[in-house]
Amino acid sequence: MKKRMLTVVTNAKMLPNDRESGLWLSELIDFYDYFVKKGFQVDICSPLGGTVPLDKLSINPLTLTKPSKDYYEDAAFMEKLNNSLAPEQVQWEYYDGVYFAGGHGTMMDFPDSINLQEIVKNIYEAGGIVAAVCHGQSGLLNVRLSNGRYLLEGKRVTGFSNAEEVIVAAKDNIPFSLEDEIKNRGADYHKAVIPMTSHVEVSGNLVTGQNPASADGVAEKVYEILENSPFNS
């Protein structure tokens, strides 16, 4: 292993109908902290580079987890987050894998980022891990492999469900249904029986989590695959 992971976060703050959004902080932190503790260098990238808006709901005292609070109050980490790399600055060969954190903002700027799609394709086809949680799968929707097929085609995949969009009252503020679009890419979509509970799907070197509660599980599965992979050995 190179012991280096790339995380990807959104630059988008606004959703349709003037609803504020951004990165759901714990979805980054749960994965980031897991790999830092495993001795990895973890870099942060965004579609445009630079400042990363946080979904205010994710830093509300009622939802802010202890690890997320610690990082949120860490000035050095927040400076790193708000000086995120642009895709053009990323050399994909350096990484064991790439992870897309969620937050509704990702639906606005992940799907059409050609440069992010190229990073994903290259890492995946080289045998690296591609992972995403919640709405982070927006960054995988339009990734096509060298054979012209969608990355998600024929894979077991999860992502934030239509029922969960209703629960968080976001149904009228999203540009598309993530669940529907995952299915439209030919993926075999699965979700938890109980909304908002952890659910992780693994399909080869593709790991996806359904919602914020799934970020830890995604990190664990990614590391498990890496430990048993010849990639970069």
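Residues numbered from 1 in each chain as written. Predicted model: local features only at pLDDT ≥ 70, side-chain atom pairs only at ≥ 80, totals over all residues. Heavy atoms only, no water.

A. Summary view of the state of the cysteines. Scanning the model with the defined rule gives zero disulfides in all. Residue Cys45 stays outside any disulfide, its sulfur separated by 19 Å from that of Cys134, the closest cysteine. Residue classification places Cys45 among the buried positions, given a relative accessible area of 0%. The class for Cys134 is buried, based on a relative accessible area of 3%. (Disulfide = S-S within 2.5 Å. Buried < 20%, exposed > 50% of the residue type's maximum accessible area, 1.4 Å probe, protein only.)

B. Expanded view of the environment of Met1. Here Met1 is to be found in the segment before strand E1 (4–8). Residues Met1 and Asp96, spaced 95 residues apart in sequence, show a C-alpha to C-alpha distance of 6.5 Å. (Helix = DSSP H or I, 4+ residues; strand = E, 2+ residues; numbered from the N terminus.)

C. Spatial organisation of the packing of aromatic side chains. Counting across every chain of the model gives eleven aromatic pairs. With a centroid separation of 3.8 Å and an interplanar angle of 0°, the aromatic rings of Phe31 and Tyr99 are classed as stacked. You can see Phe31 sitting in helix H1 (residues 25–37) and its partner Tyr99 sitting in strand E5 (residues 97–100), a full 68 residues away along the chain. An identical accessibility class is assigned to Phe31 and Tyr99; each is buried. Ring centres of Phe40 and Tyr223 lie 6.3 Å apart, and the angle between their planes is 70°; this geometry places the pair in the edge-to-face category. Taken together, the residues Phe40 in the loop between H1 and strand E4 (41–45) and Tyr223 in helix H8 (residues 215–227) connect sequence positions 183 residues apart. Exposure remark for Phe40: the relative accessible area of 5% places this residue in the buried category. (Phe/Tyr/Trp six-rings, centres within 6.5 Å; stacked < 30°, edge-to-face > 60°.)

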